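Notes for the structure review
Chain by chain, the residues run as shown.
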2 protein chains.
Amino acid sequence: MFSNFIRRYSTSNNKFSINLNELIIEKTKTPLPKITDKSKLVFGKQFSDHMIEVPWTAENGWGAPKISGYHNLSIPPSASVFHYALECFEGMKAYKDEKGQIRLFRPMENMKRFENSAKRICLPTFDKEAVVELIKKLVTIDKDWIPEGKGYSLYLRPTLIATQNSLGVGASNSALMFVIASPVGPYYPEGFKPVRLIADDQYVRAWAGGSGAFKLGSNYAPTIFPQIEAAKKGYSQVLWLLNDYVTEVGTMNMFVLWKNNDGELELITPPLHDGTILPGITRDSILSLARQWGEFKVSEKNFTMSELAKAIKEGRVKEAFGAGTAAIVSPIKSISYKGEEYPIPIDESIQCGQLTKRVSDKILAIQYGEVESDWSVVV
Amino acid sequence: MFSNFIRRYSTSNNKFSINLNELIIEKTKTPLPKITDKSKLVFGKQFSDHMIEVPWTAENGWGAPKISGYHNLSIPPSASVFHYALECFEGMKAYKDEKGQIRLFRPMENMKRFENSAKRICLPTFDKEAVVELIKKLVTIDKDWIPEGKGYSLYLRPTLIATQNSLGVGASNSALMFVIASPVGPYYPEGFKPVRLIADDQYVRAWAGGSGAFKLGSNYAPTIFPQIEAAKKGYSQVLWLLNDYVTEVGTMNMFVLWKNNDGELELITPPLHDGTILPGITRDSILSLARQWGEFKVSEKNFTMSELAKAIKEGRVKEAFGAGTAAIVSPIKSISYKGEEYPIPIDESIQCGQLTKRVSDKILAIQYGEVESDWSVVV
């Protein structure tokens, strides 16, 4: 009786805790076909043998975590994830280093952002260390699914969805966290391919008072139509503007290396304070590295597309790139703005700028354990 | 922007057709328990015995429609509906009139909006008449689930979700349309209960260049947290502002009856042209009725919360109400704005304004077939 009480009491007060001792592992009896030709890997199309699931209810908190074969989810058609987009996710990777060790890159940063996203849509908080441990377990079980070689990795997709069986618009009383894994190749298998952007003044990705700073599914749905429109016009990505301020590029953070109005060499990216910018982990890593290097000014500050266009015309823009987990960096060679093309310098020999390359090389070296760094976590 | 968008988007083939001759009906062998005490009905918690499903693939278009027992959906964990909120829906009702006939209210208006929502997130268009026919079939099969009595109805939830088994951010190559049905009681079982609103200057529901004009799941997720915050402060609903302009109230359109600056009696609601306002079917019905009555000026025009607050102080605001499918109209008795309470007149005998009551009575009479109207469609 007493122990029952203790258990009930502690559950109701620690509903965020995920009990790793309760982990159920059911290895698949029907392994999925692996792609042996690494050049055939397509982002997010193939999935590894196993997945993590952790159910949650408002009444009992997090249930027993489970790792089992990749399988369809059985969800009521009334679940709030299908109607009100109560869903958030993360993107992270597991890498195999030269010694064959598995590594994660700043996994706790993903977990912090994941939890912040969950809070924004009234989904439960959770024990972040426990989820990292579950992910370590998953990548260990599916280690043969991590393709070898620099640039190759096992993409991990932690996801949290609301499963409440009700159409009322409100906080969900049940949820499911799951993690699936997809083997992926380098974003640029044959070296960088700098992209052409179109600065969009018709569609807006995020706005002050919205939810652009969180990794919610709802930030993505409205961006697909504008992205397809841009592609039809021959542009790879949309450069998102808000009242002419540059915000993000496609699904990445935006960086520019320029000579500012005071003649200083400066790396700039939009700041986080107004809630329109996703706090990218690659973004943060680049800012940290550039500040460590201390060779130029590093600023998180707002800048308009008009300012950027003027700087390009005056030859003050040295490099521009997007930053995100999928590509690390994505060099930009031109921006179309109000019907005019603004070309950005590209070093032909490396198909990007010098800083873009340096950032990419450094982060890759950390991710694959070639240099010592706290950011790389050996599993 | 809204009309431009609709004009620009065109279907490239006739894969939109849904073949009613292929309809499969599998009646449930395990009927769900019905709630016999109508007062116990809770919005969207109980579901009728059957549901509609129509699958779609980019390759083959719409597949055979099916009506079968209410059941969980089996969806891959990688499906884009779980990650990028590729989902849209409608809200409509089936009513039982005094003769026992089943009626729908302006169903084609729901279908047009449903299709516009689908287009906005690159989901397929469809044969709107065919979906209305499927809905008629469903409500006929589940006719015993339509509770009798004025104000009672079977709430219908057409939904379209992206089911593509891939994590790439892009248009989905497969989708599922489904319709579930939930018996509901009157929004105000004991007469109107006018609500207190808080005008929110911290959170913004929709903005120009976003997707507020479409019934997408992604418009709802970010509103739940602000709604809960408002409830904690003792307010029923959030009055959504955009740069001080009044946009919507909770999940409803906003109406105000006032004496305008020129001394004219005027019914106002924000206009649709900037793409931030959901084109509500109740909204449209109220505008049509008010224009038919021709007793006061009817305007779709922008107004700020400051203007509204000033008008309330000057005693020029006669009534204010939200409008939507769930409640038809929801009378407002006060608005909190910048720390001050702005009371709106309520006729104590009817717990709302005279126009609010008249609109409600008229639409109810049409929905339950008490007066002749093209808006009410007998099944």
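Worth saying up front: this structure is predicted, and the values here are computed from it rather than measured.

1. Quick notes on unusual backbone geometry
Residue and element names in this part refer to chain A. A positive phi angle is found at arginine 106, which is not glycine, with a value near 50°. With respect to the helices and strands, the residue arginine 106 is situated in the loop between strand E8 (102-105) and helix H3 (107-120). For aspartate 244, which is not a glycine, the phi torsion comes out positive at approximately 75°. Considering the arrangement of structural elements, one finds aspartate 244 in the loop between strand E12 (237-242) and strand E13 (245-249).

2. Points about the interface of chain B and chain A
If you look at the interface, chain B gives 64 residues, while chain A gives 60 residues. Summing both partners gives a buried area of about 5100 Å² for chain B against chain A, and 64% of it is carried by carbon and sulfur. Applying the counting rule to chain B against chain A returns zero salt bridges. Where chain B touches chain A, the interface holds 27 residue pairs in polar contact (both at pLDDT 80 or more). Those elements giving two or more residues to the side of chain B that touches chain A turn out to be helix H1 (2-8), strand E5 (73-75), helix H2 (80-83), strand E6 (87-89), helix H3 (107-120), strand E9 (153-162), strand E10 (174-184) and helix H5 (224-232) of chain B. Within the side of chain B that touches chain A, the residues separate by chemical class into 38 nonpolar, 19 polar and seven charged. When strand E5 (residues 73-75) of chain A meets E5(B), the two strands line up antiparallel, connected through three bridges. Residue Ile75(A) lies in a different strand from E5(B), and its bridge partner there is Leu73(B).

3. Quick word on the UniProt feature "modified residue: N6-(pyridoxal phosphate)lysine" (unreviewed entry) in chain A
Residues and elements named next belong to chain A. In this numbering, the UniProt entry assigns the feature "modified residue: N6-(pyridoxal phosphate)lysine" (unreviewed entry) to Lys215. Here lysine 215 lies in the loop between strand E11 (195-200) and helix H5 (224-232). Classification of lysine 215 as buried rests on a relative accessible area of 10%. Setting aside residues no more than four positions away along its own chain, lysine 215 makes contact with Cys88, Phe89, Glu90, Gly91, Arg113, Ser117, Tyr220 and Leu278.

4. A look at the nonpolar core
Buried together is how nonpolar side chains tend to be arranged in soluble globular proteins. With 125 residues, the main nonpolar core has Phe82(A), Ile135(A), Leu156(A), Phe82(B), Ile135(B) and Leu156(B) as its most contacted residues. Dropping the residues within four chain positions of it, Leu156(B) is found in contact with Glu90(B), Gly91(B), Met92(B), Lys93(B), Ala94(B), Leu104(B), Ile135(B), Leu138(B), Val139(B), Ile180(B) and Ala181(B).

5. Some details on the relation of the copies chain B and chain A
Once chain B has been moved 0.0 Å along the axis and rotated by 180°, it coincides with chain A to within an RMSD of 0.0 Å. Expressed as a symmetry operation, the mapping of one chain copy onto the other fits a two-fold axis. Both copies contact each other with a shared surface, as 92% of the interface residues of chain B are interface residues in chain A too.

Thresholds applied
Residues numbered from 1 in each chain as written. Chains lettered and ligands numbered in written order. Predicted model: local features only at pLDDT ≥ 70, side-chain atom pairs only at ≥ 80, totals over all residues. Heavy atoms only, no water. Helix = DSSP H or I, 4+ residues; strand = E, 2+ residues; numbered from the N terminus. Contact = heavy atoms within 4.5 Å. Buried area = accessible area lost by both parts, 1.4 Å probe. Salt bridge = Lys/Arg side-chain N within 4 Å of Asp/Glu carboxyl O. Polar contact = N/O pair within 3.5 Å; in protein donor to acceptor, adjacent residues only side chain to side chain. Nonpolar A, V, L, I, M, F, W, Y, C, P; charged D, E, K, R; others polar. Pairing = 2+ DSSP bridges. UniProt positions renumbered as here; feature names shortened; annotations may be inferred. Buried < 20%, exposed > 50% of the residue type's maximum accessible area, 1.4 Å probe, protein only. Core = buried A, V, L, I, M, F, W, Y, C linked by side-chain atoms within 4.5 Å. Least-squares fit on C-alpha atoms with pLDDT ≥ 70 in both.

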